[in-house]
Every structure is written in C-alpha cells, then in structure tokens.
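# Tertiary structure, described
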Amino acid sequence: MSEERVVQIMLLGEVGISTTDGTLQRVGGPRVRLLLALLALQPGRAVRCATLISAIWDGSPPAEPANALHTLVKRLRAVLPPSVSVESSAGGYRLRAEIDDIDVHRFAYLVDEGVSQAAAGESGPAARTLDTALGLWRGEAFADLADIPDLCWHADRWNELRLDAVEARADAYLSLGRGCELVASLARERQDRPLRESMAARLIQALAASGQQARALEVFDTTRDLLRTELGVSPSRELAQARARIASGAHVSAQRLPVRITSLIGREADLERLDPTLGSVRLLTLTGPGGVGKTSLAVEAANRLASQRSGGCRLVDLAAAGHSEAAGEAILAQLGSLKSTRSRLDLPVGTRIGRRELLLILDSCEHVPDLAPLVSELLKRCPNLTILATSREPLGVDGETLFPVQPLALPAPGSTSADVLESPAVQLFLDRARAARSGFVPTDANCETLGAICRRLDGIPLALELAAARVRSLSPEQILDRLSDRFHLLVGNRAAVERHRSLHAAIMWSWKALNLNECAVAQQLSTMPEGASLEILEEICTGEVIEPLTALVNKSLVEFDGRRYRMFETIRAFAEHHAA
C-alpha cells in the first residue's frame, strides 16, 4: 500500500469520486453522497439497511424506505468508476473497493507509516510519507455533509489525525534541518488553532531554526497569555521547553545542509564547472528564474566541497527574512555550533565567523533587497569565508561572480526515441513520473510526446516535476493537451515553500516585483515567440526600453544571447495571462 496511487473515492473535503485528472466529481445530491460516505467508511463490509435509512433520513424515513434506499443505490452505481461497485448483501449493502482507493483510509495508513518511520529514526522517509499523506487532504472530512450526526465523530477523527500528521511531519523536517520550510504552513495552523500548544511549540522551533528568534519568542508570549486568559493554565512542558531551547541555542540543527530526498539529474556539467570556480572566488551567485534548480545545485556543490572547509558549510534560507537585519539573525542562527569562548548569538556575524574557513550558502537572496552591504561587510571582515548565493538577480557586490543556471537540456523536435530518453529534461520527468506512479515506463509511442512536454515547459525542473506528478491520473498525451492552461494544471507539492507550490506561484513572485515600465516591456516581448532585437523593441515600445529590459534580464525573466531578447514559453504564457 505504500506506493503512490490515485484514490477514486474522495471523502476528505467534499464527498465525490476522482476524475481522470485527479479533481473531484460530485455524485448526485446530498443523500447519494451520504450513502457513498457511509459505505466507504467500511469498504467490503455490509452496512445494514436500517442503519443507512436512519442516517440518511435522520429518523424520518419515507413511506417506503427500502425502495427509496434502493433508488439511491441505483443512482450511486451509475456514477461509480468501473473498479468500484455497490453489492447487495443480506439485509444491507457493501462497497466493493480497495481500501487504498479511498482517500481517508489511504491517508490513515500513510500517517501511521510515517509516524512509524520517524520512531525508527528514518526522518527522510518519514518526511516523504507524511508529505504524501497531507497531499491527499483537500479540506475537512465530509465538508459538504458536516451537519450529519452520524458523520460528526468520523469527521472529528480524521481532522484530528491531520493535525497529528502536520506535527509529525514538522518533527521530521526539524530533525533533517529543514524546519524553516514549514514556517508559513505552521503559522497558518497556529492561527486556526491558537490554543493548540503542540502546534505552537513546533512553530517556535521552526522559526528559531530559520533564524527568527524574535518571532519565535513572540509566538511563545502570545500563546502563554492566551492560555492564561482563556483557560487559566500555564504553558505545557513541551511549550516551555521550546522556549528554553531558544535561550540555550539548542534549536540550531546539527544537520547543516539539507538531506536530498530526490535525485539531482542533468547537472554534472554544472557541478564540474562549479568546483574549480568556488575554489577561486569569494562570492559566487547562481542566478536564474524561479524553479530552475538553483538551490539544489548549490547544496550539491557545497556537499562536494564540505570536506575542504575546516569550518564546514552552512545553508541560510533568506526567503522569509525580508531585510538585512533579519538576514543577519538567520545567519547567526546557522552559526550556533561554531565553538568560541564568546559563543553568543548577539555577537556580530563577522565576529562569529572570524578567520574560519567556511562556505556559506545564502539562498533566495532576492527576498532581501538591502542584502548587498551585509554581504560586502562579511567578505571584508572574514578573509577565509566563501559565499555561494542563489538569487533571481545579481547581488551587486564588488567581486561578485555570476553563474547563470540554465534549464535542463531538451531533445530536438523529431529526435529518435533513444535521443529523447538521453535528454536530461526527459530523464528528470521520467524519474519524478516513476515516483508518482510505480511502473510508469516510456514507450516508442509516447517518447515524442514526452519530448514535446519538456520543450513546452522549457526544461525548467519545477515545471517538469509538477507535470510528472500528473501521471498519477493523466496520460502523457493528456498532459501535453492541457499545457495551454499550464498554470491550472501544474499545481501541487503542498510541502514545498509557498512560491514553489505551483508554476504560477514561482513566476508570480518575480512578476510582482516589476515596476510599470518593466511590465509594459515584458508584455510586449511576450507577444514575440522568437524574441526581438533592441532596435525592434525600441520601435514598437513607448517610453524607455533599455533600463526596463536590463532589469528583466537581471531578474531572470528575459534571456539575452548577445543579439536578441527572448522569453521562455512559460514566462510568455504568464505575461500574456496577466496582460492588462
């Protein structure tokens, strides 16, 4: 049951069945859906007619209840998928379906499996399993039947199990040094349930792990005050311990670089170039559009060089920092285990590093507009420090070396099946597709389609991974046909940071940072699939062109090959979609 598969009966959220693209199809009216829910809670077991009639008509059955129930059963049978059926049994009805085809049962199994993996010390597998479980969640169980008394107990059970899964996943991520990735989602959970101390404790740990000690302390203080006001109690031991860990510095994870849970594909040539470059420069910035794989490449390069730095490597995620002061706090948090006679978090960052040989990865630098002075100061004060930055645009620091990260290489149109399968972009798609649907294999018949999908998505890893996840419910041909509406299709990965949960979110962050002139030039260029020269753009655009165009290139929204400016198809589609 542990392999990924498509559920067919949906009870989490509105009750219904799965369509071919994995979305919900409602079945009949409320009574038909209630019948489906009551049978799906006990698949393979007969549910007595009297029990069904009592629940469906809430103690006020029609004149001929057996006939009325039979009519509902007929309506339900008419809309069920072929592999699912409703059978008559002595005095009742049973649903014939695999337990794994019903989302609540699959969800419960995956949560149990993830918790067991975590208890065995297998944090990586536990994180993946719990991610899969929570990916099934579309909303509170039986959301459209919430007022049915016979379902209330079941709904409470699944909703509580989801909270347990959220907390278990947080523990797994924290043990992997990835707690900062869950700050936003845990903050939303705490907002919905401000008195749930266990959730607040995990949010405090995640904030501290991301260098946001001030926010972590604020969460503790707010929760403590609310507990006293609403319940008249003091913080639990778990919550108090989370607060104490901040003061002691124990929140700093021993795992300095995140553990990869998927393979890195198609980046060997980049890594071969990065190794010598990192050995000869002080500041190297990996640039490229959102979703192109900058962070994965940086972490892999750092892992290869870790043994060459006596001070090791540190990864600092700056996506939530916002300004240089918060960035400094985040860096200090990751330096917590550097031993010193003055090992205090309130020392300046440069003093904490000193003359140590350290490789510092600053990830998502574009989120800190005033980062350049801090980076410049660190490089001046710390002679043995090397900074590997990832950003959608250059930092603008003296001595900065830029390393543009390109999308994965694509197969040419009309390539043979062998050439298609050797393409790094197709290899990534296949790797993620096999993870989504065990047994998925390319064929001579669909190789051309796989190549076309990868070309339509420009070889951008995030887009390829989101598309590959769709093979759980769509064929490659169906995926390709729907790429005209790619921003609706390519969503998922709820465990990812918010800007990487969909293709739309990955581009929207950069788009929102554009000014009016930059937007105007971008939208004009989006109408030109083959790109354009500067002279042509100056002829057709009103107002200044060079500065907006330079900004678009710097922000990785436009490519310049030395002669022409062009956009990736995905970014063109986004610009056209958001045209005024």
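Within any chain, residue numbers begin from 1 and follow the written order of that chain's sequence. Totals for whole chains, interfaces and linings use all residues, but because this is a predicted model, local features are given only for residues with pLDDT of at least 70 and pairs of side-chain atoms are given and counted only at 80 or more. Excluded from the side-chain calculations are hydrogens and water; all other atoms, namely the structure's heavy atoms, are used.

A few words on the overall build of the protein chain. Within the protein chain, the regular secondary structure consists of 26 helices and 13 strands. In this treatment the radius of gyration is a C-alpha quantity, and the globule benchmark scales as 2.2 Å times the residue count to the 0.38 power. Relative to the 2.2 N^0.38 estimate, which gives 25 Å for 580 residues, the radius of gyration of the protein chain is 27 Å and therefore close to what a compact globule would have. If you line up the protein chain on its principal axes, its C-alpha atoms span 85 × 65 × 45 Å. Each residue is assigned to one of three classes by its accessible area relative to the maximum for its type, calculated with a 1.4 Å probe on protein chains only: buried under 20%, partly exposed between the two thresholds, exposed over 50%. Residues counted as buried form 50% of the 580 residues belonging to the protein chain. Every residue pair with non-hydrogen atoms within 4.5 Å of one another is taken to be in contact. Put simply, 69% of the contacts in the protein chain that link residues at least 6 apart link residues at least 24 apart. With the model as given, the accessible surface of the protein chain reaches about 25,600 Å², and the carbon-plus-sulfur share is 49%. The positive count covers Lys and Arg only, the negative count covers Asp and Glu only, and His and the chain ends enter neither. The location of each charge is read from NZ of Lys, CZ of Arg, CG of Asp or CD of Glu. On the protein chain, the mean spot of the 65 positive side-chain charges and the mean spot of the 72 negative ones are 4 Å from each other. Strands are runs of DSSP state E lasting at least two residues, helices are runs of H or I lasting at least four, and both sets are numbered from the N terminus onward. Only the protein chains shown count as covering a residue, and every accessible area follows the Shrake-Rupley method with a 1.4 Å probe.

This part covers the sheet that holds strand S3 (residues 24–25). A pair of strands is considered paired only if DSSP assigns at least 2 bridges between the two. Read from one edge to the other, the open sheet built from three strands follows the order S1-S2-S3, with strand pairing classed as antiparallel. Only two strands of the sheet have a single partner each, and these edge strands are strand S1 (9–10) and S3. Here strand S2 (residues 16–18) pairs with S3 via two bridges, running antiparallel. Bridge pairing in S3 places Ser18 opposite Leu24.

This part covers the pairing of strand S10 (residues 385–391). Counting buried positions over the seven residues of S10 gives seven, a clear majority of the element. Here S10 shows a buried face lined by Leu385, Ile387, Ala389 and Ser391 and a second buried face lined by Thr386, Leu388 and Thr390. One ladder, built from five bridges, connects strand S7 (residues 283–287) with S10; its direction is parallel. If you follow Leu283 over to S10, its bridge partner there is Ile387. Pairing between strand S9 (residues 358–363) and S10: five bridges, direction parallel. Bridging across to S10, Ile361 finds its partner in Leu388. Looking down the strands as they point away from the viewer, one classifies a crossover as right-handed if the path from the first strand across the helix to the second runs clockwise. For the handedness criterion, the β-α-β arrangement of S9, helix H15 (residues 372–381) and S10 is classed as right-handed.

Grouping buried Ala, Val, Leu, Ile, Met, Phe, Trp, Tyr and Cys residues that are joined through side-chain atoms within 4.5 Å yields what is termed a nonpolar core. Formed by 77 residues in total, the largest nonpolar core has its most connected members in Leu11, Phe107, Phe142 and Trp158. Top element by residues in this core is helix H6 (residues 149–175). It accounts for eleven residues. Once you skip the residues sitting within four places of it in the chain, Phe107 turns out to touch Leu12, Ala133, Leu134, Leu136, Trp137, Trp158, Leu161, Arg162 and Ala165. Counting residues in each nonpolar core, the second largest holds 56 residues, with Leu408, Ala425, Ile453 and Leu489 among its members.

This part takes up unusual backbone geometry. The phi angle of most residues is negative, glycine excepted, and most peptide bonds adopt the trans form. With a phi angle near 65 degrees, Asp458 is a residue other than glycine that sits in the positive phi range. Located in the positive-phi region is Ser556, a residue other than glycine, with phi close to 65 degrees. With respect to the element layout, Ser556 can be found in the loop between helix H25 (546–554) and strand S12 (559–560).

All right, on to the side chain of Arg432 then. Residue placement: Arg432 occurs in helix H17 (residues 424–436). Residue class for Arg432 comes out buried when judged on its relative accessible area of 11%. A distance of 3.1 Å separates polar atoms of two side chains, one belonging to Arg432 and the other to Glu465. As used in this structure description, the phrase polar contact means that two N or O atoms lie within 3.5 Å; if the pair is within protein, one of them must be able to donate a hydrogen and the other to accept it, and residues adjacent in sequence are counted only when both atoms belong to side chains.

What follows covers the sheet that holds strand S4 (residues 47–48). Strands sit in the order S4-S6-S5 across an open sheet of three strands; the sheet is antiparallel. Because the sheet does not close on itself, it has two edges, and the strands there are S4 and strand S5 (85–89). Alignment of S5 against strand S6 (residues 92–96), held across five bridges, turns out to be antiparallel. Note on S6: the bridge partner recorded for Glu87 is Arg94.

Another aspect to go through is the pattern of salt bridges. Put simply, a salt bridge is a Lys or Arg side-chain nitrogen that is within 4 Å of an Asp or Glu carboxyl oxygen. One pass over the full model with this rule turns up 25 salt bridges. Put simply, Arg33 and Asp144 hold a salt bridge, and the shortest N to O gap is 2.7 Å. Of this pair, Arg33 sits in helix H1 (residues 30–40) while Asp144 sits in the loop between helix H5 (123–135) and H6; the two residues are 111 residues apart in sequence, bridging distant segments of the chain. Owing to a relative accessible area of 21%, Asp144 belongs among the partly exposed residues under this scheme. A salt bridge links Glu167 to Arg196; its shortest N-O distance comes to 2.8 Å. In this pair, Glu167 sits in helix H6 while Arg196 sits in the loop between helix H7 (183–192) and helix H8 (197–209), placing the two residues 29 residues apart along the sequence. According to the relative accessible area criterion, Arg196 is buried, its value standing at 16%.

The convention used is that axes are lines fitted to C-alpha atoms, helices contributing only their stretch in contact, and that angles between N-to-C directions extend from 0 to 180 degrees. In contact at an axis separation of 9 Å, helix H23 (residues 516–525) and H25 are set at 80 degrees when each is read in the N-to-C sense. One finds that H23 runs roughly perpendicular with respect to H25. The residues of H25 that touch H23, namely those facing Asn517, Glu518, Val521 and Ala522, are Pro548, Leu549, Ala551 and Leu552. Put simply, angles under 35 degrees are roughly parallel, angles over 145 are roughly antiparallel, angles from 65 to 115 are roughly perpendicular, and the rest are oblique.

Attention shifts here to the packing of helix H2 (residues 49–57) against helix H3 (residues 65–79). Pairs of packed helices are described in terms of their axes, by the angle between the two and the distance that separates them. Relative to each other, H2 and H3 sit at 80 degrees, their axes nearing to 10 Å. By the angle class used here, H2 and H3 are roughly perpendicular. The segment H2 lies against H3, with Cys49, Leu52, Ile53, Ile56 and Trp57 engaging Pro65, Ala66, Ala68, Leu69 and Leu72. All residues other than Ala, Val, Leu, Ile, Met, Phe, Trp, Tyr, Cys, Pro, Asp, Glu, Lys and Arg, Gly among them, are scored as polar; the first ten of these are nonpolar and the last four charged. Classifying every residue of the contact of H2 with H3 gives ten nonpolar, no polar and no charged.

Our next topic: the side chain of Lys555. Relative to the helices and strands, Lys555 is located in the loop between H25 and S12. Relative accessible area serves as the criterion here: at 14%, Lys555 is assigned to the buried category.

Bringing the environment of Ala372 into the picture now. Within the element layout of this structure, Ala372 appears in helix H15. Residue class for Ala372 comes out partly exposed when judged on its relative accessible area of 23%. On a C-alpha basis, the gap between Ala372 and His488 in space is 36 Å, while along the polypeptide they are 116 residues apart. Excluding residues that lie within four positions of it along the chain, Ala372 makes contacts with Leu395 and Val397.

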